[in-house]
Amino acid sequence: MAGTVPAGGVQTAAVTAPGAPAGQVAEAAAFNRKEFDAFLAEVRGEALQKGIKAEVVNTALAGVEPVMRIIERDRNQAEFKLSFATYRDRVITPANISRGQKLRDDEQALLRQVAQRYGVQPRFVLAIWGIETRYGAVKADVPLFHSLATLAFDRRRSAYFRNELFAALTMLDRGYIDHGTMKGSWAGAMGQPQFMPSSYLAYAEDFDGDGKRDIWNNRADVFASIANYLAKAGWNTAQTWGREVKVPPALQGRMGEFARDGKSGCRAIDQMTKDLPIAEWEKLGVRRTDGGELPKAQISGALVQPDGPGGASFLVYGNYRSVLRYNCAHHYALTVSLLADRLGDG
């Protein structure tokens, strides 16, 4: 996904998103109806102050209800609950590799055009596309305003999702999409690249020049939008993402010395070590998984251990942080990167 409980007297109510598929329908749950209605009224007022047309606001928010199943999903995301190996092996399967390589060959001309314009290698565009929606095969169909309103009302990441709710209203107000087809994932991510509304406004591209930034049905726009996102996140076409490595026990015991300074806005980035030249990591005993020496490239990298000490270790470069800006989770970014390696550029 590109691009995180009210207190008081509650009443129990069945909260179902109209039009949501059976798997997304919430069970009866406790919600403070008065507070939710006040929240929606506040959103309506702020949207009008922002210049969004009244008819757009009324249409978008009509009948919006909180969906408790969405809150449950937000508390139990796979990127944070599974081991890295389990997460990786669920995604990097022979079927997904084969499908991705076939699509790579089928869309080779288009992917090369996109790579030339944005400077992002095709394999990374394909890998993100494959992980987000299984190369466009998975169609997210949760009514967007129900999911965004639910998460904006929930206290855990209310500021983030409130901003996304207004971004979605802006999309509707500008005519980028009609209300009836404005559907996405449980967290509000849309289209084949799974862009949040704010990401759509900032990064979606009309690559074929037909006047639409169609990340739902147009592969040219899908590929270009993914590449544009990575490019604007600092992608360097002259580099890859990194590699799996071995960290010696002596260095493992000193990892605290290499903690990253400051806050980046992405917790996964902050959990990495600071960047050191590859030659420095070599001196500290870091080696390829086969025991061989690291590349002699004049670049810096950081160490990532998604499952902590004793698990797999990776030496990652600047492009890896660009993938984390797409989705701030090491399980996700490492799986994208490893799948890209398997797909290749053709």
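This structure is a prediction, so every number in the text was calculated from the model and none was measured.

A.B. asks: Help me understand the overall build of the chain in this model?
C.D. replies: Regarding its fold elements, the chain presents 17 helices and nine strands. For the chain, the residues scored as buried account for 51% of the 346 residues in total. Taken as a whole, the chain presents about 15,200 Å² of accessible surface, with 48% of it coming from carbon and sulfur.

A.B. asks: Even after reading the chapter, I still don't get helix α17 (residues 330–343), so can you show me in this structure?
C.D. replies: Owing to its 3.6 residues per turn, the α-helix brings residues three or four apart onto one side. Compared with an ideal rise of 1.5 Å per residue, which puts 14 residues at 20 Å, α17 spans 20 Å between its outermost C-alpha atoms and is within 8% of the ideal. With respect to burial, α17 is a largely interior element, twelve of its 14 residues being buried. Along α17, the residues classified as buried are His330, His331, Tyr332, Ala333, Leu334, Thr335, Val336, Ser337, Leu338, Leu339, Ala340 and Leu343. Glycine 344, located one to two residues past α17, shows a positive phi value of around 70°.

A.B. asks: Explanation requested: unusual backbone geometry in the structure shown.
C.D. replies: Glycine aside, negative phi is the norm for most residues, and most peptide bonds take the trans geometry. Of note in this structure, arginine 134 is not a glycine but carries a positive phi near 50°. Relative to the elements of secondary structure, arginine 134 occurs in the loop between α8 (122–133) and β3 (142–143). For arginine 134, a relative accessible area of 31% gives the class partly exposed. The phi angle at tyrosine 135 is positive, at roughly 60°, despite the residue not being glycine. Mapped onto the fold, tyrosine 135 is located in the loop between α8 and β3.

A.B. asks: Help me understand the side chain of glutamine 192, please; the structure alone is not making it clear to me.
C.D. replies: Mapped onto the elements of the fold, glutamine 192 is located in the loop between β4 (183–184) and α11 (197–203). Judged by relative accessible area, glutamine 192 falls into the buried class, the value being 8%. A distance of 2.9 Å separates a polar side-chain atom of glutamine 192 from the backbone oxygen of tryptophan 216. When residues no more than four places from it in sequence are discounted, the contact partners of glutamine 192 are Trp129, Glu132, Thr133, Tyr135, Gly136, Lys139, Ile215, Trp216, Asn217 and Val222.

A.B. asks: Would you explain the sheet that holds strand β9 (residues 313–316) in this entry?
C.D. replies: Sheet strands pair via backbone hydrogen bonds, and the direction of the pair is either parallel or antiparallel. Spatially, β6-β8-β9-β5-β7 is the arrangement adopted by the five strands of the open sheet, whose pairing is antiparallel. Where the open sheet ends on each side, the last strands, each with one partner, are β6 (276–277) and β7 (287–288).

A.B. asks: What exactly am I supposed to notice about the packing of aromatic side chains here?
C.D. replies: Aromatic ring pairs: the centre-centre distance and the angle between the two ring planes describe each pair. Counted according to the given criterion, the structure contains 18 aromatic pairs. Taken together, a centroid distance of 6.2 Å and an interplanar angle of 45° make the contact between tryptophan 241 and phenylalanine 314 tilted. One end of the pair, tryptophan 241, is in the loop between α12 (219–232) and β5 (242–246); the other, phenylalanine 314, is in strand β9, and 73 residues separate them in sequence. Neither residue differs from the other here; tryptophan 241 and phenylalanine 314 are each classed as buried.

A.B. asks: Would you explain the pairing of β5 in this entry?
C.D. replies: Note on strand geometry: in a regular strand, side chains alternate between the two faces of the sheet. Strand direction decides the pairing type here: β5 and β9, joined by four bridges, are antiparallel. Bridge pairing links valine 245 to serine 313 in β9.

Conventions we followed
Residues numbered from 1 in each chain as written. Predicted model: local features only at pLDDT ≥ 70, side-chain atom pairs only at ≥ 80, totals over all residues. Heavy atoms only, no water. Helix = DSSP H or I, 4+ residues; strand = E, 2+ residues; numbered from the N terminus. Buried < 20%, exposed > 50% of the residue type's maximum accessible area, 1.4 Å probe, protein only. Areas by Shrake-Rupley, 256 points an atom, 1.4 Å probe, with all protein chains shown as cover. Expected span 1.5 Å × (residues − 1). Polar contact = N/O pair within 3.5 Å; in protein donor to acceptor, adjacent residues only side chain to side chain. Contact = heavy atoms within 4.5 Å. Pairing = 2+ DSSP bridges. Phe/Tyr/Trp six-rings, centres within 6.5 Å; stacked < 30°, edge-to-face > 60°.

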